[in-house]
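Read off the chains here:
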Amino acid sequence: MLAVVLTFAIYFLTTIPGFVRINFVPYAVPPVQPFLLLVILQSVNQLLHRFTRLPAWLRPLSAAELFLVYAALCLSLPMERGAYVIHYLTSGQYFGTDANGWSEIAQHYPGWFVPKDETVLQQWMEGAGSARVPWDAWRVPVALWFAFQMVMVFSVMCLVGLFRRQWTESERLTYPMLFIPLEVTGISTASAAVQGFFRNPYALAGLAVAAAINALNIAHAYVPAIPSIPWHVRIDANWTEGWLRFVPPLSLTCAFEMWGLAYLVSGEVLLTTWSLHFLMKAIKVIGMSAGYRAAGFPFFQEVSAGGFVAMAVSLVWVARPHLREVWRQVQTGEKSNEALPYRWLVVGLAAGTVIMVLFWVQAGLKPVLPAVSLLTTYFFALVAARVRAQAGPPIVWCHPYGYDQRMPLDLMGSRYVKGVGGDRAIALFGSMFWIGRTAFPHMTGQYFTDGFRLTDFGHVRRSHMAGLMLLVCAVALGIAYWFHLAVGYRYGQALIGSRSGEQVLGWGFIWSHGQYSLVRSAMDHPQGPDLLRMGFYGGGFLFTLLLAHLRVRLSQFPFHPLGFLLATLYGDFTPYWFPFLFAWTAQRVLLRYGGLPLYRRCVPLFLGLALGHILIGGFVWRIVMNYFIDPSISMRYVLNLGG
């Protein structure tokens, strides 16, 4: 009950006001609202511990209950991304013109994908003056997309659930992103929960630094004459001559949540991320200095996508003994303390995949097309979960976003897609782009991974954790669809929001426009497999396997394949390299001059820096001030936690 009530509170007090006021729901890693609520619940717990005679309903929450609520609330946040499928599907009909031909793409969608009534769509885009949703037109599309996405959530849960024991008990991964909730609740230390994190002087010092920096930047937003520490500091502004002109974009990112939490990441991952990012930059400079001008060179995200596939193959290969045990339990029906018995995890994954493929077959695609795209999504979601469990970097985009659909298209070629289904196949296959662009299944897999690990600290049955998380997913996804529609009919989806006082299109429409242009081009000029990009996909695949092999063969090998993926997944412009360089330098200095005791003693300092920045910058500034006080100044202090 508490998790469901707080899910409504998160959406109605933060998500919906933010969507209306600034036309965007900033996604933060670590998640701001669940962290804030965890701090509040723990503070209430400390107060209730002072009383000895309390009714049962007022007793302090146990660690198990705190973790159940926290994990469920974390998973509620990415559900809002699921509703952006509406933005994509309506863009073709509303923004289509004779010149761009997008309306012809929309004509290939079946009637149950999205309403075809022009009045219904026009009122949603431009506003009808009332939040009343014409459910006669929307009931079937929303119900079917809701069902599809819940099947996807369940399938991803089954996928990461199959690897939980391997990662937690066999490989003993550290799950660095869980250090803050464990510190706040006092579970990770020998101190009692009532003493906890906020009495540690190092943590208080970190909180004070974060408070001072955010106070300075907030003051600058209101009084520009006051100096500030911007989120991005460009260092390439004057690099316009010689080989330096090929380096940009390059910026220093003052993302203090990354600075703090990256301190907990393996030094090998940190070193690999920033050093190989510059290796890719060097390849870019050398190639372009030699006159090579292929658009997108050196194809950061294509290299990363190939690496993700290689990493997924490697994870399966390493887990062979565990997977053989899983198969034995599938055959015998033996029960285990997992989200579901292994038999049902395997059946659930298989059945969910079949249902999703049949969904697209019913829409008009041949089975091979959705099957290949969903397989790519599974690869990316599994590796994104592994990144969270092993490295734990505080970043939103833990996969090469959009390439769930684009990589299969590059490998097969739009000519093949058109050959098996005509323009309808290209339109429908292109509509699968939202799955990877919104990071909906990938963030879902990461939060399920975190939740299953928290059960070990709170002594919770994983089936209970899975059940609560799925319940909250359904509640949050239902709220998301309702408010995306209701806000549109009240204000107009194409008109709402303000950034720096200007009316702009929302985030979902911006990337939808780019995808419609690509789909239109594929219809008009179908191409074969993209051999150039295939080479870079293959290069990323082989280089990742090489790094994985060298780590096994050489005990002191300093580079990690996960770091290579993080170095390339965001593209040429990445906000990650500088925070990772800072954290790596801090680790080296502290370990060199103080050893492991000093490193451990400073953990609360860096956690305090991250938590203070999350609560003050992420909540006080981004939510309270931007949403409720003055949204027109939101761009004066740009803060996007996790990239």
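This write-up is about the structure you can find in this document. Source: prediction; values computed, not measured.

**Topic: the packing of aromatic side chains**
Line of reasoning, step 1. Following the criterion strictly, the structure yields 49 aromatic pairs and no others.
Line of reasoning, step 2. Where W102 meets Y516, the ring centres are 5.7 Å apart and the plane angle is 35°; that geometry is what we call tilted. Of this pair, W102 sits in helix 6 (residues 102-106) while Y516 sits in helix 22 (residues 507-524); the two residues are 414 residues apart in sequence, bridging distant segments of the chain.
Line of reasoning, step 3. Classification of W102 as buried rests on a relative accessible area of 8%.
Line of reasoning, step 4. We classify Y516 as buried; its relative accessible area is 0%.
Line of reasoning, step 5. Where F113 meets F359, the ring centres are 6.1 Å apart and the plane angle is 20°; that geometry is what we call stacked. Pair noted here: F113 is in the loop between helix 6 and helix 7 (118-126) and F359 is in helix 15 (residues 342-363), with a separation of 246 residues, a long-range link. Taken as a pair, F113 and F359 share a single burial class, namely buried.

**Focus on the environment of L250**
Line of reasoning, step 1. In this fold, L250 is placed in the loop between strand 1 (232-234) and strand 2 (251-253).
Line of reasoning, step 2. The spacing of L250 and V309 is 59 residues in sequence and 28 Å in space, taken between C-alpha atoms.
Line of reasoning, step 3. Aside from chain neighbours lying at most four places away, what touches L250 is R234, I235, D236, W239, F278, K281 and W577.

**Some remarks on helix 18 (residues 414-431)**
Line of reasoning, step 1. For helix 18, which comprises 18 residues, the first-to-last C-alpha distance of 14 Å sits more than 12% below the rise-based estimate of 26 Å (1.5 Å per residue).
Line of reasoning, step 2. At G421, helix 18 is bent by approximately 120°, the largest bend along its length.
Line of reasoning, step 3. The set of residues buried in helix 18 consists of S414, V417, A425, I426, A427, L428, F429, G430 and S431.

**Brief notes about the state of the cysteines**
Line of reasoning, step 1. Here the structure, examined in full by the defined rule, presents zero disulfides.
Line of reasoning, step 2. For C158, which is in no disulfide, the shortest distance to another cysteine sulfur is to C473 and amounts to 13 Å.
Line of reasoning, step 3. Summary of cysteine pairing: C473 is not part of a disulfide, and the nearest cysteine sulfur, belonging to C74, is at 11 Å.

**Quick look at helix 10 (residues 201-222)**
Line of reasoning, step 1. Its 22 residues give helix 10 an end-to-end C-alpha distance of 32 Å, which sits within 8% of 32 Å, the value for a rise of 1.5 Å per residue.
Line of reasoning, step 2. Sitting at the head of helix 10, N200 places a side-chain oxygen 2.8 Å from the backbone nitrogen of Y202.

**Structural notes on the packing of helix 17 (residues 403-412) against helix 23 (residues 531-553)**
Any two packed helices are characterised by the angle at which their axes cross and by the distance between the axes.
Line of reasoning, step 1. Contact geometry for helix 17 and helix 23: axes closest at 9 Å, N-to-C directions at 120°. By the criterion of interaxial angle, the relationship of helix 17 to helix 23 is oblique. For the pair helix 17 and helix 23, the sense of crossing is left-handed. Residues Y403, R406, M407, D410 and L411 of helix 17 pack against R533, M534 and Y537 of helix 23.
Line of reasoning, step 2. Considering only residue class, the contact of helix 17 with helix 23 consists of five nonpolar, no polar and three charged.

Cut-offs used in this document
- Residues numbered from 1 in each chain as written.
- Predicted model: local features only at pLDDT ≥ 70, side-chain atom pairs only at ≥ 80, totals over all residues.
- Heavy atoms only, no water.
- Phe/Tyr/Trp six-rings, centres within 6.5 Å; stacked < 30°, edge-to-face > 60°.
- Helix = DSSP H or I, 4+ residues; strand = E, 2+ residues; numbered from the N terminus.
- Buried < 20%, exposed > 50% of the residue type's maximum accessible area, 1.4 Å probe, protein only.
- Contact = heavy atoms within 4.5 Å.
- Expected span 1.5 Å × (residues − 1).
- Bend = angle between axes of the 7 residues up to and from the residue.
- Disulfide = S-S within 2.5 Å.
- Polar contact = N/O pair within 3.5 Å; in protein donor to acceptor, adjacent residues only side chain to side chain.
- Axes fitted to C-alpha atoms, helices over the stretch in contact; angles between N-to-C directions.
- Parallel < 35°, antiparallel > 145°, perpendicular 65-115°, else oblique.
- Left-handed = near helix turned anticlockwise from the far one by under 90°.
- Nonpolar A, V, L, I, M, F, W, Y, C, P; charged D, E, K, R; others polar.

Shape is all these values report; function is a separate question.
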